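# Results of the structural survey
Chain residues, written in single-letter form:
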Amino acid sequence: MTYQFPEGFWWGSAASGPQTEGTFPGDKKGPSIWDYWYEQEPEKFFDRVGPEKTSQVYKRYKEDIQLMKETGHNTFRTSIQWSRLIPAGTGEVNQEAVAFYHDYFDELIANGIEPFVNLYHFDMPMALQEKGGWLSRETVEAYVVFAKTCFELFGTKVKKWFTHNEPIVPIEGGYLYQFHYPNEINMKHAVQAGFHETLASAKAIKEYHALELGGEIGIILNLTPSYPRDEANPEDVKAAQIADAFFNRSFLDPAVKGTFPEELVTIIKELDMIPEHEAEDLVIIQENTIDLLGINYYQPRRIMAKETPIDHTNGPLPDDYFDNYDKPDKKMNPYRGWEIYEKGIYDILTNTRENYGNIKCYISENGMGVEGEERFVNDEGIIEDDYRIEFVKEHLKYVHQAIQEGTNCVGYHMWTCMDNWSWTNAYKNRYGFISVDLNHDAKRTIKKSGRWYKEVSDNNGF
Ligand code: BGP
């Protein structure tokens, strides 16, 4: 074994409620922003596949958990859909949902797979979005009630909790770059919504710790490293630092250190966009930081000093401070259009060790979405996804190196267990260790990578 991982390493994968469960008659799920947006503009979704037609995990989790076992999972992350548990966002708890999640988590535990549960994965209940979603303080309070309800219902069996998955993404998608509902371009709103997400997270952490359930709570962040075009050019370096403050440290600093990055605060003040808040909010954020950090990594961000003229059409934007740099000869995943840069994962892990107190962390997502994988099916009907094995291996080597150097990284989760619904990309790019055949009743088949992962997990290395 060349790459041996520490004892008890978490091997598994991640998914989310809205991307896997589906909607079924009688399940009493309420609409989220995804159900609503799909109803309004189905043409925005690849092949017009909407959120109700996901991989049917709501009905098929028992079968799926057996496949998780066969692919070497000792841990698995999903999310509780807020709009399933509390269909109107506030008020009545859906007992069908309570029964479903209990059974789902019990089944995982009975099969030796520890459930990790996230509370918010881009899925605002529509009833709350109508009142402003994350722009509204009411949503923060409603979220805290939702979180507490989850801890009280499932906290004796679930011992790893996460307040958000990639909280920057609903901000980018909903308020800056138009790929999540409500699809605005409004930086003031972006700042307010982001602040409320952080406040909601700190308040939920406070509730969790007060309940003394003996588990850990954290947040999952996509820490996209920000590399300057030219390390020797101070303007490029400065631009990269600003992009890092906007997209990484905006959530990482308050989550781990309890404070917002000064560079960002200065910019927000200059723009006169300090979010509405109450004096005690900053104390709550300061005092309620995470126990555990989940790190999602897919691609780096390449940055250069601003050279193109600032576009004032929609008011200020983060992009007024930098330009994206199109690095020649970079390695690409052409399907998703994302650069593949394996060393990025090592740089993130080194950063958390050196600058964030070596906080306990794990890789909570990493993966490769590929279109048209059916062309790699062999005679036995198995997808031979050697590119995915290669992708995981090359990233794991760097995770291993960071651990050797002392980073407190305790696990690796792949995105994702089985092919699932990727938001507006629907089922275009497939990420799973297990394929889902949408033309044949969502039939599941383990891919070559899934069999390989089982060996890695069994050997605790490769
Ligand atoms: C992450 C999300 C996931 C997942 C993944 C793949 O950002 O946490 O929900 O979807 O990215 O990206 P995409 O679905 O956009 O291809």
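Analysis parameters
Residues numbered from 1 in each chain as written. Predicted model: local features only at pLDDT ≥ 70, side-chain atom pairs only at ≥ 80, totals over all residues. Heavy atoms only, no water. Buried < 20%, exposed > 50% of the residue type's maximum accessible area, 1.4 Å probe, protein only. Helix = DSSP H or I, 4+ residues; strand = E, 2+ residues; numbered from the N terminus. Contact = heavy atoms within 4.5 Å. Near = heavy atom within 4 Å. Polar contact = N/O pair within 3.5 Å; in protein donor to acceptor, adjacent residues only side chain to side chain. Areas by Shrake-Rupley, 256 points an atom, 1.4 Å probe, with all protein chains shown as cover. Nonpolar A, V, L, I, M, F, W, Y, C, P; charged D, E, K, R; others polar. UniProt positions renumbered as here; feature names shortened; annotations may be inferred.

## Observations concerning helix α8 (residues 168–176)
In terms of burial, α8 is largely enclosed, as 9 of its 9 residues are buried. Every buried residue belonging to α8 is among Ile168, Val169, Pro170, Ile171, Glu172, Gly173, Gly174, Tyr175 and Leu176, and all of these are buried. The inward-facing, buried residues of α8 contact α6 (126–129), α9 (187–211), β5 (216–222), α10 (234–256) and β8 (301–304). Taken from the residues just after α8, Gln178 is the one with a positive phi, measuring 60°.

## As for the environment of Gly218
Along the polypeptide, Gly218 turns up in strand β5. Residue Gly218 is classed as buried on the basis of its relative accessible area, which comes to 0%. With 71 residues separating them along the chain, Gly218 and Thr289 place their C-alpha atoms 8.1 Å apart. Apart from the residues lying within four places of it in its own chain, the contact partners of Gly218 are Trp161, Phe162, Thr163, Ile290 and Leu292.

## Thoughts on the site of the ligand
Taken together, Gln19, His121, Asn165, Glu166, Tyr298, Arg336, Trp338, Glu365, Trp415, Ser422, Trp423 and Tyr431 are the residues near the ligand. One of the side-chain N or O atoms of Glu166 is found 2.5 Å from an oxygen atom in the ligand. One of the side-chain nitrogen or oxygen atoms of Tyr431 is found 2.5 Å away from an oxygen atom of the ligand. In isolation the ligand offers 380 Å² of accessible surface; the protein chains occlude 92% of this area. The residue makeup of the shell around the ligand, split by class, is 5 nonpolar, 4 polar and 3 charged.

## So, the UniProt feature "active site" (unreviewed entry) in the protein chain
Under the UniProt annotation, the feature "active site" (unreviewed entry) is placed at Glu365. The topology assignment puts Glu365 in strand β12 (residues 361–365). Judged by its relative accessible area of 4%, Glu365 is buried. Discounting residues that sit within four places of it in the chain, Glu365 has contacts with Ala14, Arg77, His121, Asn165, Glu166, Ile295, Asn296, Tyr297, Tyr298, His413 and Trp415.

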